[in-house]
Amino acid sequence: MQRYDYLIVGAGLFGCVFAHEATKAGKTCLVIDKRPHVGGNVYCENVGGVNVHKYGAHIFHTNDKQIWDYVNQFAEFNNYVNSPVSISKGKLYNLPFNMNTFYQLWGTKTPEEAKAIIEKQILENGVKNPKNLEEQALSLIGKDVYKTLIKEYTEKQWGMKATELPAFIIKRLPVRYTFDNNYFNDKYQGIPIGGYNKIIDGLLEGIETKTNVDFFKNKEELSKLASKVVYTGKIDEFYNYKFGNLEYRSLRFENTRLEKENHQGNAVVNYNDGNIPYTRIIEHKHFEFGKQKHTVITKEFPEQWTKEKEAYYPINNEDNQNKYQQYKVLSLGEDNIIFGGRLAEYKYYDMHQIIASALQKAKKELNQ
Ligand code: UDP
């Protein structure tokens with residue numbers, strides 16, 4: 001007996017956007033999630049008025065007006081601009097790599113002075129076709145920035161040598177010859193006023209949702225509830241790891257409430273040094289310009305992933321990509337299962353990209 005058109009496994013952004021679009025098109029959906037709440041990794045917990053990003057900081061940014069308008073249907077966004085700072089060997093630097101950073105490193109005051117140093121360092125290391133993250137960083141920004149702000153952070157974040165990591169990861173960070181500390185190049189950026197839960201609640205309005213439901217504990221029965229399954233979990237787990245498990249990077253968060261107004265003066269402070277076990281401290285109230293008398297900070301500790309832990313980042317190196325391709329071939333042969341999101345597509349997606357992908361897949365599926 002089929003009761004729903006779609007069973008959506010995972011109430012993260014992909015699942016919620018798909019469910020919303022399908023419902024709008026007149027289909028019936030049941031959304032399940034193994035966690036006790038919906039929202040996946042964008043879920044926020046309210047601690048005395050401070051929205052705490054429980055699964056890591058999420059800053060919305062996009063260049064696509066359609067995606068921006070889409071999320072703005074559910075919540076108004078504030079004008080937060082992400083401008084993290086990084087501490088390396090006791091000194092503070094602005095990110096992303098820009099004229100402020102170069103001044104802090106070398107005392108250079110003009111773009112010409114900074115460019116001359118960077119271009120000299122790029123020439124000196126002689127990398128032509130960067131094959132890994134280290135080579136990519138050296139050929140993009142030179143050895144000083146690499147050593148001060150990239151190498152140790154990256155190696156503790158990923159638990160691997162920078163020479164073993166794919167080059168694309170570092171291309172996420174802009175390099176600028178202006179005094180502009182905005183971490184993103186995108187036209188639209190902000191934090192939803194009232195938190196991400198507001199967007200999730202808006203997407204799921206009127207849709208049946210069940211939390212604390214583990215799909216794998218009851219896969220057969222649950223799948224029978226609907227004509228099709230939209231699966232947003234780990235693709236290797238879906239196929240019972242038959243080609244071996246894909247690798248992920250996990251995180252551990254240590255949250256502390258402090259009875260003071262302002263702990264670090266910024267939402268994001270990165271810690272580059274390898275001997276400090278966390279990569280960054282997030283002070284959540286600054287995402288929303290909070291005026292509370294208390295504050296909440298989160299230390300983010302990268303961890304090796306095991307099957308019991310949350311998989312936060314796919315490790316998209318060659319071995320894992322080859323393995324993923326085998327799973328992907330299987331998934332493409334499925335008639336009644338749609339795979340989507342960071343874990344099912346084994347892709348280092350940002351929020352705006354997940355929404356775009358869910359809208360695209362929903363459109364195709366719903367013949368719109
Ligand atoms: N990164 C770095 N130094 C920093 C911040 C980032 O070397 O201070 C590198 C690191 O390899 C990291 C990548 O840039 O994995 C992407 O960082 P981003 O902050 O975009 O990642 P996310 O917020 O998704 O963890």
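Every value quoted in this text rests on a predicted model; they were computed, and no experiment measured them.

*Asks:* Help me understand the overall build of the chain in this model?
*Replies:* A tally of regular secondary structure across the chain gives 11 helices and 16 strands. Its C-alpha atoms give the chain a radius of gyration of 22 Å, within 12% of the compact-globule value 21 Å for 368 residues. For the chain, the spread of C-alpha atoms along the principal axes amounts to about 70 × 50 × 35 Å. Taking all 368 residues of the chain together, the buried fraction comes to 53%. Summed over its atoms, the accessible surface of the chain is roughly 17,300 Å², and 48% of this surface lies on carbon and sulfur atoms. Put simply, the chain has 49 plus and 45 minus side-chain charges, and the middle of one group is 1 Å from the middle of the other.

*Asks:* Would you mind showing me how to read the layout of surface pockets here?
*Replies:* By rolling a water-sized probe across the atoms, one finds the places where empty space is left. Each pocket or cavity is described by its volume, and for the second largest pocket that value is around 530 Å³. Taken together, 20 residues form the lining of the second largest pocket, with Leu332, Ile338, Phe339, Lys361 and Lys364 sitting closest to its centre. Listing elements by their share of the lining of the second largest pocket, those giving two or more residues are α10 (318–332), β16 (337–339) and α11 (351–365). Grouping the constituent residues of the lining of the second largest pocket by class yields 7 nonpolar, 4 polar and 9 charged.

*Asks:* I keep staring at empty space enclosed by the protein and nothing clicks. Help me out?
*Replies:* Within the structure shown, the criterion is met by 1 cavity of 30 Å³ or more. Of the voids in this model, the largest cavity is the one considered here, and its volume is about 50 Å³. In terms of lining, the largest cavity is formed by Leu13, Val42, Phe60, Val71, Tyr196, Ile199, Ile200, Met351 and Ile355. Those elements that place two or more of their residues in the lining of the largest cavity are α7 (196–204) and α11.

*Asks:* Mind showing me how you'd approach the side chain of Thr108 here?
*Replies:* Secondary-structure assignment places Thr108 in the loop between α3 (99–106) and α4 (111–125). For Thr108, a relative accessible area of 5% translates into the label buried. With residues up to four places along the chain from it excluded, the contact list for Thr108 reads Phe102, Tyr103, Glu113, Ala114 and Ile117.

*Asks:* Would you mind going over the side chain of Thr232 with me for this structure?
*Replies:* Within the secondary structure, Thr232 is located in the loop between β10 (226–231) and α9 (235–238). Within polar-contact distance, the side chain of Thr232 engages the backbone oxygen of Val9 at 2.7 Å. Once you skip the residues sitting within four places of it in the chain, Thr232 turns out to touch Val9, Gly10, Phe14, Gly15, Gly340, Leu343 and Ala344.

*Asks:* I'm lost on the sheet that holds β16 in this one. Help?
*Replies:* Strands pair in a sheet through their backbones, by hydrogen bonds, and they do so in one of two ways: parallel or antiparallel. Ordered by their spatial adjacency, 5 strands build an open sheet running β9-β2-β1-β10-β16, and the pairing between neighbours is parallel. Each end of this open sheet is capped by a strand with a single partner; those strands are β9 (208–210) and β16. The mean inter-strand angle of the sheet, taken between neighbouring strand axes irrespective of direction, is 20°.

*Asks:* Before we go on, may I ask you to explain the UniProt feature "domain: UDP-galactopyranose mutase C-terminal" (unreviewed entry) in the chain in this structure?
*Replies:* Using the residue numbers shown here, the UniProt feature "domain: UDP-galactopyranose mutase C-terminal" (unreviewed entry) corresponds to residues 149–348. The distance from the first to the last C-alpha atom of residues 149–348 is 21 Å, and the span holds 22% helix and 23% strand.

*Asks:* Which parts of the structure should I look at to understand the site of the ligand?
*Replies:* In the vicinity of the ligand there are 16 residues, among which Leu149, Thr154, Tyr183, Tyr313 and Tyr348 approach most closely. Note that an oxygen atom of the ligand is positioned 3.5 Å from one of the backbone N or O atoms of Ile150. Contacts to the ligand include Arg280, whose side-chain N or O atom sits 2.9 Å from an oxygen atom. Contact with the protein chains hides 92% of the accessible area of the ligand, taken as 530 Å² for the molecule alone.

*Asks:* Which parts of the structure should I look at to understand the pairing of strand β1 (residues 4–9)?
*Replies:* Looking down a regular strand, the side chains alternate between one sheet face and the other. Summarising burial for β1: 5 of the 6 residues are buried, a large majority. Relative to β10, β1 is paired through 5 bridges, and the arrangement is parallel. Residue Ile8 lies in a different strand from β10, and its bridge partner there is Val230. In terms of handedness, the path from β1 via helix α1 (residues 13–24) over to strand β2 (residues 29–32) forms a crossover that is right-handed.

*Asks:* Please clarify how α3 should be interpreted in this entry.
*Replies:* One full turn of an α-helix is made of 3.6 residues, so residues set three or four places apart face in the same direction. Within α3 the residues assigned to the buried category are Met99, Asn100, Thr101 and Phe102. Next to the buried residues of α3 lie β7 (91–94), α4, α5 (133–141) and α6 (143–158). Sitting at the head of α3, Asn98 places a side-chain oxygen 2.8 Å from the backbone nitrogen of Asn100. Immediately beyond the C-terminal end of α3, within one or two residues, lies Gly107, with a positive phi of roughly 80°.

*Asks:* Explain the pattern of salt bridges to me, please; I cannot follow it from the model alone.
*Replies:* Taken as a whole and judged by the stated rule, the model has 20 salt bridges. Between Arg280 and Glu300 there is a salt bridge, with the nearest N and O atoms lying 3.0 Å from each other. With a gap of 20 residues between them, Arg280 in strand β13 (residues 280–283) and Glu300 in strand β14 (residues 295–304) connect regions that are remote in the sequence. Relative accessible area serves as the criterion here: at 1%, Glu300 is assigned to the buried category. One continuous salt-bridge network, built from bridges that share partners, spans Arg252, Glu254, Glu303 and Lys309.

*Asks:* Hey, could you run me through the domain arrangement of the chain in this one?
*Replies:* Quite often, the size of an interface is put as the accessible area lost when its parts meet. Its domain assignment divides the chain into domain 1 (4–77 + 188–247 + 315–365) and domain 2 (95–172). For domain 1 and domain 2, the distance between their C-alpha centroids amounts to 34 Å. Each partner contributes residues to the interface: domain 1 has 5 residues there, and domain 2 has 7 residues. Of the roughly 590 Å² buried at the junction of domain 1 and domain 2 (both faces included), carbon and sulfur atoms supply 67%. Considering only the surface of domain 1 that becomes buried against domain 2, Ile315, Asn316 and Tyr348 emerge as the three largest contributors, covering 77% of it. Joining domain 1 to domain 2, the criterion identifies 0 salt bridges.

Quick notes on the rules
Residues numbered from 1 in each chain as written. Predicted model: local features only at pLDDT ≥ 70, side-chain atom pairs only at ≥ 80, totals over all residues. Heavy atoms only, no water. Helix = DSSP H or I, 4+ residues; strand = E, 2+ residues; numbered from the N terminus. Rg over C-alpha atoms; globule rule 2.2 N^0.38 Å. Buried < 20%, exposed > 50% of the residue type's maximum accessible area, 1.4 Å probe, protein only. Areas by Shrake-Rupley, 256 points an atom, 1.4 Å probe, with all protein chains shown as cover. Lys, Arg positive; Asp, Glu negative; His and termini not counted. Charge placed at Lys NZ, Arg CZ, Asp CG, Glu CD. 1 Å grid on protein atoms, 1.4 Å probe; cavity = no way out; pocket = protein on both sides within 12 Å on 5 of 7 lines; lining within 4 Å. Points joined across faces, edges and corners; volume = space filled by probe spheres on them. Nonpolar A, V, L, I, M, F, W, Y, C, P; charged D, E, K, R; others polar. Contact = heavy atoms within 4.5 Å. Polar contact = N/O pair within 3.5 Å; in protein donor to acceptor, adjacent residues only side chain to side chain. Pairing = 2+ DSSP bridges. Axes fitted to C-alpha atoms, helices over the stretch in contact; angles between N-to-C directions. UniProt positions renumbered as here; feature names shortened; annotations may be inferred. Near = heavy atom within 4 Å. Right-handed = clockwise from strand over helix to strand, strands pointing away. Salt bridge = Lys/Arg side-chain N within 4 Å of Asp/Glu carboxyl O. Domains from an automatic or database assignment. Buried area = accessible area lost by both parts, 1.4 Å probe.

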